[in-house]
Amino acid sequence: LVEWPLMSLIDGLVLPKFTLHDVAIWQHLLQGSHLRVMPTLESKEVFDAGAMTELAHALQQDLNNRVLVLRIGGNDLLSCLGLRRSKSYTLYQSPVGYVIAMLSGVMGAAGFSLTAPVCELINQPKLLQQELVLDIEHGLVGKTAIHPTQIPIIHQALQVNASDYQAARLILNDTAPAVFSHNGAMCEPATHERWARRILERAYWY
């Protein structure tokens, strides 16, 4: 595929069941290409925080400039446990909730963005909305859609509200004081700069 002339029309590849073993393989296969990658974390190793820390270091060294985002494969992670998601609760109320929080910390601290698992319950938009709120609270930057009707719900949830947008602009202002108050909350540019940049980027896309 890398050698196929029409690959110039493709931005990148989704890499399913991605593990530490695959890093060197893909680093070799993609040499000389323009392709970006979206590794999907969906195997039993993902439950191990130590293994994910090791994977983050390997990605930083060998594929850092190619990783667009890391995708969390919720259904496959539940399958590792012999489970299927509930029709009454969000994914965060299952064992995968721990995994999402852990990956948000381990991979987020390593500089990688994460995109959220699919909500396979097509006819439950309210549950999807609840899950999207938690996705955003965990710093996830997108969500896989399983059905076209989910797309506008996902896009709406990822829009930035006016208050956060104004706070982000104030935090990134060159004349901002070291600490100030906005809408009843403390703003500290030294601490909140990364958050503010992510808010403006979300506002740009959504």
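Only a predicted model underlies this, so the values are computations on that prediction, with no experimental measurement involved.

Analysis parameters
Per chain, the residues get numbers from 1 upward, laid out in the order the sequence is written. Residues qualify for local features only when their pLDDT is at least 70, as the model is predicted, and side-chain atom pairs are given and counted only at 80 or more; totals for whole chains, interfaces and linings, by contrast, use all residues. Each side-chain value is derived from all of the structure's non-hydrogen atoms; neither hydrogens nor water enter the calculation. Numbering of helices and strands starts at the N terminus; helices are DSSP runs of H or I of at least 4 residues and strands are runs of E of at least 2. Computation of the radius of gyration draws on C-alpha atoms alone. For the globule rule, the value is 2.2 Å times the number of residues to the power 0.38. The buried label goes to any residue with under 20% of its type's maximum accessible area, the exposed label to any with over 50%, and the partly exposed label to all in between, with areas taken from a 1.4 Å probe on protein chains only. The contact criterion used is simple: two residues touch if any of their non-hydrogen atoms lie within 4.5 Å. Accessibility throughout is a Shrake-Rupley quantity obtained with a 1.4 Å probe, and a residue counts as covered only by protein chains that appear here. For the charge count, each Lys or Arg is scored as positive and each Asp or Glu as negative, with His and the chain ends excluded. Positions of charges follow a simple convention, taking NZ of Lys, CZ of Arg, CG of Asp or CD of Glu. Expected helix span is taken as 1.5 Å per residue step, with the number of steps being one fewer than the number of residues. We call two N or O atoms a polar contact when they sit within 3.5 Å, provided that within protein one can donate a hydrogen and the other can accept it, with sequence-adjacent residues counted only if both atoms are side-chain atoms. Within 6.5 Å between ring centres, the rings of Phe, Tyr and Trp (the latter by its six-membered ring) count as paired, and their orientation is classed by plane angle as stacked under 30 degrees, edge-to-face over 60, tilted in between. Counted as salt bridges are all cases of a side-chain nitrogen of Lys or Arg within 4 Å of a carboxyl oxygen of Asp or Glu. Values of bend correspond, residue by residue, to the angle between axes fitted over the seven residues ending at that residue and the seven starting there. Angles run from 0 to 180 degrees between N-to-C directions of axes, and those axes are lines fitted to C-alpha atoms, restricted for helices to the stretch in contact. Note on convention: the crossing is left-handed when the near helix lies turned anticlockwise from the far helix by less than a right angle, right-handed when the turn is clockwise. The nonpolar class holds Ala, Val, Leu, Ile, Met, Phe, Trp, Tyr, Cys and Pro. Asp, Glu, Lys and Arg form the charged class, and all remaining residues, Gly among them, are polar.

Counting its regular elements, the protein chain contains eight helices and six strands. When the helices and strands of the protein chain are listed from N to C terminus, the series reads β-α-β-α-β-α-α-β-α-α-α-β-β-α. Here the C-alpha atoms of the protein chain give a radius of gyration of 19 Å, agreeing with the 17 Å that 2.2 N^0.38 yields for 206 residues. Principal-axis analysis of the C-alpha atoms gives the protein chain an extent of 50 × 45 × 35 Å. Counting over 206 residues, the protein chain shows a buried share of 39%. In the protein chain, 71% of the contacts between residues at least 6 apart in sequence involve partners at least 24 apart. Accessible surface computed for the protein chain: about 11,800 Å², of which carbon and sulfur atoms make up 55%. Both charge centroids of the protein chain, one from 15 positive and one from 18 negative side chains, sit 7 Å from each other.

Here we take up helix α2 (residues 49-62). A rise of 1.5 Å per residue sets the reference length of α2, with its 14 residues, at 20 Å; its end C-alpha atoms lie 20 Å apart and thus fit the reference within 8%. A51, M52, L55, A56, A58 and L59 are the residues of α2 that are buried. At its buried positions, α2 is contacted by α1 (20-29), β2 (36-41), β3 (70-72) and α4 (96-109). A distance of 2.9 Å separates the backbone nitrogen of G50 from a side-chain oxygen at the start of α2, and that oxygen is part of D48.

Our focus in this paragraph is the packing of aromatic side chains. Inspection of the entire model under this criterion finds one aromatic pair. Ring plane angle 85° and centroid distance 5.0 Å describe the contact between Y204 and W205, whose orientation is recorded as edge-to-face. An identical accessibility class is assigned to Y204 and W205; each is exposed.

Summed over all chains, the structure comprises seven salt bridges. In this structure, E42 and K17 form a salt bridge, with 3.8 Å as the shortest nitrogen-oxygen distance. Highlighted residues: E42 in the loop between β2 and α2 and K17 in the loop between β1 (12-15) and α1, separated in sequence by 25 residues. For E42, a relative accessible area of 7% puts it in the buried group. Looking at K17, the relative accessible area reads 43%, which means it is partly exposed. Between E131 and R85 there is a salt bridge, with its nearest N and O atoms 2.6 Å apart.

Note: α-helices contain 3.6 residues per turn, so residues at a spacing of three or four share the same orientation. An ideal rise of 1.5 Å per residue puts 24 Å on 17 residues; helix α8 (residues 189-205) measures up with 23 Å between its terminal C-alpha atoms. Within α8, the axis deviates most sharply at W195, by approximately 30°.

For any two helices packed against each other, one specifies the inter-axial angle together with the distance between the axes. Contact geometry for helix α5 (residues 125-137) and helix α6 (residues 150-158): axes closest at 10 Å, N-to-C directions at 35°. For the pair α5 and α6, the crossing hand works out as right-handed. In this structure, α5 uses P125, L128, Q129, L132 and I136 to contact α6, whose residues at the interface are Q150, I153, I154, A157 and L158. Of the residues in the contact of α5 with α6, the class split is eight nonpolar, two polar and no charged.

Turning to the side chain of S33, a few remarks are in order. You can see S33 is positioned in the loop between α1 and β2. Judged by relative accessible area, which is 18%, S33 ranks as buried. Among the polar contacts listed, one links the side chain of S33 to the backbone oxygen of L30, at a separation of 2.9 Å. Contacts of S33, omitting those with residues within four sequence positions, involve V2 and R66.

Everything listed is a geometric property; what it means functionally is a separate question.
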